[in-house]
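Listed below, chain by chain, are the residues.
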Amino acid sequence: MSDLKLIEERHSHGGVQRVYSHWSHACQCDMTFAIFLPPQAANGPCPTLTFLSGLTCSHTNVMEKGEYREAAAQHGIIIICPDTSPRGDDVPDEDFYYFGKGAGYYLNATQEPYRKHYNMERYITEELPNLVSEHFPVSDSKDSIFGHSMGGHGALTLALKHPDRYRSVSAFAPICNPMNSQWGKHAFSRYLGANTPSWRTSDAVALIEDGSRVAEILVDQGLADDFLQEQLMPEALAEACASAGIDLTLRQHEGYDHSYYFISSFMKDHIQWHAERLKR
């Protein structure tokens with residue numbers, strides 16, 4: 001594994017949790033990702049499920065607090081947890097928690113000074129899966145994707161834009177309609193420029209309105225989430241899916257907030273849901 005550097009390895013639920021770094025051509029910097037290999041991977045290829053984390057996070061948040069390994073080991077699924085943005089002293093940044101490092105929005109930036117490094121869509125859909133398939137026992141054409149908040153936005157938009165790559169998509173409290181949220185407007189204006197029509201290719205609601213399709217979507221949303229109304233807007237996703245004939249399961253939970261207490265509570269449900277679709 002000459003192009004991968006092992007940073008951490010721990011055994012869990014009969015499998016192995018590892019963290020690697022590598023040089024990314026898409027992001028022009030060193031990138032880090034976590035990967036859980038279930039016990040079944042010792043005997044042959046396994047399907048993969050990629051988790052995209054949210055604002056301010058890295059691979060460590062879900063790896064340490066997401067509680068996915070037991071279910072992944074049960075179902076024989078490799079879990080991949082990328083970082084949320086490029087990193088490094090040369091990577092441009094701003095002093096906002098919802099933009100720059102830790103907030104790559106899983107798109108390919110077109111504006112300076114961000115276009116050199118902020119190419120997270122290319123990294124997630126091309127470079128990282130190619131790297132993983134080269135070095136680990138993954139099943140061909142058996143990928144699924146899910147995520148939280150900004151990562152939920154990423155999971156939805158990437159699945160809608162690359163339907164042939166992903167068997168299934170789900171999200172925890174996704175930013176459904178970033179074109180109409182403060183977070184999204186700030187990020188898109190800097191990554192993609194002031195031409196708002198170009199933003200539609202990085203907005204799940206707009207993508208559905210413009211004809212992109214997946215068969216079904218699972219979303220869990222806490223009703224005590226402080227960001228629910230102004231930033232997340234699940235009702236806009238529900239309306240778009242209803243109009244497009246997409247089977248959306250939107251589960252809303254009293255008392256749950258935006259934290260990993262919420263995510264870990266329903267993580268097993270999501271992994272089982274993906275497992276059923278990956279093994280069809």
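Conventions and cut-offs
- Residues numbered from 1 in each chain as written.
- Predicted model: local features only at pLDDT ≥ 70, side-chain atom pairs only at ≥ 80, totals over all residues.
- Heavy atoms only, no water.
- Buried < 20%, exposed > 50% of the residue type's maximum accessible area, 1.4 Å probe, protein only.
- Helix = DSSP H or I, 4+ residues; strand = E, 2+ residues; numbered from the N terminus.
- Contact = heavy atoms within 4.5 Å.
- Salt bridge = Lys/Arg side-chain N within 4 Å of Asp/Glu carboxyl O.

Points about helix H5 (residues 182-191)
Buried residues of H5: Trp183, Gly184, His186, Ala187, Phe188 and Tyr191, and no others. Contacts from the buried residues of H5 go to helix H4 (150-161) and helix H7 (228-232). Backbone geometry just downstream of H5 places Gly193 in the positive-phi region, at approximately 95°.

Considerations on the pattern of salt bridges
One pass over the full model with this rule turns up 15 salt bridges. Here Arg280 makes a salt bridge to Glu216, at a shortest N to O gap of 3.8 Å. Of this pair, Arg280 sits in the segment after helix H9 (260-278) while Glu216 sits in strand S8 (residues 216-222); the two residues are 64 residues apart in sequence, bridging distant segments of the chain. Looking at Arg280, the relative accessible area reads 66%, which means it is exposed. Counted as one network, the salt bridges with shared partners bring together Glu216, Glu276, Arg277 and Arg280.

Let's talk about the environment of Leu218
The residue Leu218 is located in strand S8 in this model. Residue Leu218 is classed as buried on the basis of its relative accessible area of 4%. Counting along the chain gives 98 residues from Leu218 to Met120, while the straight-line C-alpha distance between them is 23 Å. Residues in contact with Leu218, not counting those within four places in the same chain, are Val169, Ser170, Ala171, Thr249, Arg251, His270 and Trp273.

Any functional reading would require information beyond the geometric quantities listed.
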